[in-house]
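Geometric and topological summary
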Amino acid sequence: VQLQASGGGLVQAGGPVRLSCAASGRTFSSYVMGWFRQAPGKEREFVAAIRWSGSPTYYADSVKGRFTISTDDPKNTVYLQMNSLKPEDTAIYYCAARKPKFSNNFYAPNEYDFWGQGTQVTVSS
């Protein structure tokens, strides 16, 4: 399995950025795909998750109403559209894939089985 994240960069506060995660290596139709982020000196934290089918979606309270996670099945890609960015959104963003499990905990990093390499998002004030 390979997850290739891209789309990060430097953006001004209030601006948008769209991250992409290209997935390959298997069929992901039964997977949950997640985005996490890690700021310097902080633990990796949950941002958003989605079932590959497109619903339901899950968001951290800190990003609700500003970020949108989606999937494009023909392109095998997961997106994270980030709007109204704030300096506190600055972090390395990682995409991850979670195999089907009995647990419905989509928020913990250790529930995910595969990880991409991360892409830096820096929001300037």
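For the structure, see preceding data.
Residues numbered from 1 in each chain as written. Predicted model: local features only at pLDDT ≥ 70, side-chain atom pairs only at ≥ 80, totals over all residues. Heavy atoms only, no water.

Thoughts on the overall build of the protein
- Along the protein, the regular secondary structure elements total zero helices and 11 strands.
- Secondary structure elements of the protein, listed N to C terminal, follow the sequence β-β-β-β-β-β-β-β-β-β-β.
- Relative to the 2.2 N^0.38 estimate, which gives 14 Å for 125 residues, the radius of gyration of the protein is 13 Å and therefore close to what a compact globule would have.
- Taken along its principal axes, the extent of the C-alpha atoms in the protein is 40 × 30 × 25 Å.
- Looking at the protein as a whole, 44% of its 125 residues qualify as buried.
- In the protein, once contacts between residues fewer than 6 apart in sequence are set aside, the share between residues at least 24 apart is 56%.
- Within the structure as shown, the protein displays about 6300 Å² of accessible surface, and the carbon and sulfur contribution to it stands at 47%.
- Taking the 13 positively charged and 9 negatively charged side chains of the protein as two groups, their mean positions are separated by 3 Å. (Helix = DSSP H or I, 4+ residues; strand = E, 2+ residues; numbered from the N terminus. Rg over C-alpha atoms; globule rule 2.2 N^0.38 Å. Buried < 20%, exposed > 50% of the residue type's maximum accessible area, 1.4 Å probe, protein only. Contact = heavy atoms within 4.5 Å. Areas by Shrake-Rupley, 256 points an atom, 1.4 Å probe, with all protein chains shown as cover. Lys, Arg positive; Asp, Glu negative; His and termini not counted. Charge placed at Lys NZ, Arg CZ, Asp CG, Glu CD.)

Here we look at the packing of aromatic side chains
- Within the structure shown, the criterion is met by 10 aromatic pairs.
- Following the ring pairs from residue to residue traces out a cluster consisting of Phe36, Phe46, Tyr58, Tyr94, Phe106, Tyr107, Tyr112 and Trp115.
- Here the basic side chain of Arg44 rests over the ring of Tyr94, its NZ or CZ set 3.8 Å away from the ring centre.
- Directly above the ring of Trp115 sits Arg44, whose terminal nitrogen or CZ lies 4.8 Å from the centroid. (Phe/Tyr/Trp six-rings, centres within 6.5 Å; stacked < 30°, edge-to-face > 60°. Lys NZ or Arg CZ within 6 Å of the ring centre and 35° of its normal.)

Considering the environment of Asn104
- Inspection of the secondary structure puts Asn104 in the loop between strand S9 (91-98) and strand S10 (114-115).
- The exposure class assigned to Asn104 is exposed, which follows from its relative accessible area of 56%.
- With 42 residues separating them in the primary sequence, Asn104 and Ser62 have C-alpha atoms 21 Å apart.

Observations concerning the state of the cysteines
- For the coordinates displayed, the defined rule picks out one disulfide.
- In this model, Cys21 is linked to Cys95 through a disulfide, with the two sulfur atoms separated by 2.2 Å. Taking the sign of the torsion about the S-S bond as the criterion, the disulfide between Cys21 and Cys95, at about 60°, is right-handed. One end of the pair, Cys21, is in strand S3 (residues 17-24); the other, Cys95, is in strand S9, and 74 residues separate them in sequence. Exposure class is identical for Cys21 and Cys95. Each is buried. (Disulfide = S-S within 2.5 Å.)

Side note on the environment of Val121
- You can see Val121 is positioned in strand S11 (residues 119-124).
- Considered as a pair, Val121 and Arg37 are 84 residues apart in the sequence and their alpha carbons are 9.4 Å apart.
- Residues in contact with Val121, not counting those within four places in the same chain, are Gly8, Gly9, Leu19, Met82, Asp89, Thr90, Ala91 and Tyr93.

What about the side chain of Arg37?
- Here Arg37 shows up in strand S4 (residues 32-38).
- The exposure class assigned to Arg37 is buried, which follows from its relative accessible area of 6%.
- Here the side chain of Arg37 touches Asp89 through a polar contact of 2.9 Å, side chain to side chain.
- For Arg37, the side chain forms a polar contact with the side chain of Tyr93, separated by 2.9 Å.
- If we skip the residues at most four places from it in the chain, Arg37 touches Glu43, Arg44, Glu45, Val47, Ser62, Val63, Phe67, Glu88, Asp89, Ala91, Ile92 and Tyr93. (Polar contact = N/O pair within 3.5 Å; in protein donor to acceptor, adjacent residues only side chain to side chain.)

Treat this as a map of the structure, not an account of what it does.
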